[in-house]
Amino acid sequence: MPKSVKIGDRWVGEGYPVLIIGEIGINHNGNLHIAKRLVDVAFMAGCDAVKFQKRTPEKSVPPEYQNVMRDTPWGIISYLEYRRMVEFGFQEYEEINRYCQEKGILWFASTWDEDSVDFIEQFSPPCYKIASASLTDTVLLDKIKSTRRPVILSTGMSTLDEIGAAVDRLGTERLLIAHSTSTYPCPPEELNLRMILTLREKFGVPVGYSGHEVGLQTTYAAVTLGACFVERHITLDRAMWGSDQAASVEPGGMIRLVRDIRVIERALGDGQKKVYDSELKAREKLRRK
């Protein structure tokens, strides 16, 4: 049985309730008010945590893309400038930290460079997320490992050998792995949910699911396959501007997702056959003597 890892006050692993994460990411579009409304959505739906993304744009945007022009809500600006516009600084994250503590919901971030790790460390996060794009960034992996906090490793756009190398580098003591496919939105035939079973068997750590599909059905399937945490992007409106909005879940959908995952957890049971008290009357009445 894969071991469990404690994130904040929650154990995550087989035998524990699914940790449900609402990924805010950059769906706030650099607006603190929208970010807080998204925290409200996650809290109202019953999510256990929310996740943001933190970058130092000058370090995380490759030089060949920095001056590429992009049409944005702020006009036609360079990709580097766009990345600056959607980043929060200390004051915004201080308010996010305060607001999440007030709500009683965990928050953490995927950090895309070493400076961003130092930045988020100021808030003593319960864990870190390594984005799929960063799985082969050995310098970043070493930096995050040095914090000695739990780590969720996302595996989209990666080969099994690349995943194995990252696991070897990070170690398994505080590691969780997220199965993912880095297509936004992702068609069902590319979700490959049985990889949840493959990763759990191969690495022996808690394995969850980070989904970018449209709809909720396949996230439910991930839970039935044993995902011990799930992460879905959340948005106020899928028609909002932003690259992740179309693959995100709106408030009503997030409420249904959390509600139905909790029902599925109860329905899965423990795999031990038993006769329930509620069956006894029918058993007595219908069985031939």
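As a starting point, this report considers the structure included with it. None of these values were measured; they are calculated from a predicted model.

### Some words on the overall build of the chain
- Along the chain, the regular secondary structure elements total 12 helices and 12 strands.
- Taking 19 Å as the expected radius of gyration for a compact globule of 289 residues, we find that the chain reaches 20 Å, a close match to that expectation.
- If you line up the chain on its principal axes, its C-alpha atoms span 80 × 40 × 40 Å.
- Within the chain, the fraction of its 289 residues that count as buried is 49%.
- Carbon and sulfur atoms form 50% of the exposed surface of the chain, whose accessible area is close to 14,100 Å².
- When the 38 positive and 39 negative side-chain charges of the chain are each reduced to one mean point, those points stand 9 Å apart.

### Topic: the sheet that holds strand β3 (residues 19-25)
- Here we have eight strands rolled up into a closed barrel, ordered β3-β4-β7-β8-β9-β10-β11-β12, and parallel in their pairing. The sheet shows a mean angle of 30 degrees between the axes of neighbouring strands, taken without regard to direction.
- In this structure, β3 lies alongside strand β4 (residues 49-54), joined through four bridges in parallel fashion. Pairing of Glu 23 across the sheet is with Lys 51, part of β4.
- With respect to the sheet, helix α5 (residues 90-103) is in contact with β4 and β7 (106-111), its orientation differing from that of β4 by roughly 175 degrees.

### Quick look at the pattern of salt bridges
- Throughout the structure, instances matching the rule amount to 21 salt bridges.
- The residue Asp 115 makes a salt bridge to Lys 59 at a minimum N-O spacing of 2.7 Å. Here Asp 115 is found in helix α6 (residues 114-121), whereas its partner Lys 59 is found in helix α2 (residues 57-60), with 56 residues between them in sequence.
- A relative accessible area of 34% means that Asp 115 is categorised as partly exposed.
- The residue Arg 98 makes a salt bridge to Glu 102 at a minimum N-O spacing of 2.8 Å.

### What to know about the side chain of Asp 244
- Examined against the element boundaries, Asp 244 turns out to sit in the loop between β12 (229-233) and α11 (251-268).
- If sequence neighbours within four positions are ignored, Asp 244 has contacts with Ile 26, Asn 27, Gln 53, Tyr 184 and His 233.

About the thresholds
Residues numbered from 1 in each chain as written. Predicted model: local features only at pLDDT ≥ 70, side-chain atom pairs only at ≥ 80, totals over all residues. Heavy atoms only, no water. Helix = DSSP H or I, 4+ residues; strand = E, 2+ residues; numbered from the N terminus. Rg over C-alpha atoms; globule rule 2.2 N^0.38 Å. Buried < 20%, exposed > 50% of the residue type's maximum accessible area, 1.4 Å probe, protein only. Areas by Shrake-Rupley, 256 points an atom, 1.4 Å probe, with all protein chains shown as cover. Lys, Arg positive; Asp, Glu negative; His and termini not counted. Charge placed at Lys NZ, Arg CZ, Asp CG, Glu CD. Pairing = 2+ DSSP bridges. Axes fitted to C-alpha atoms, helices over the stretch in contact; angles between N-to-C directions. Contact = heavy atoms within 4.5 Å. Salt bridge = Lys/Arg side-chain N within 4 Å of Asp/Glu carboxyl O.

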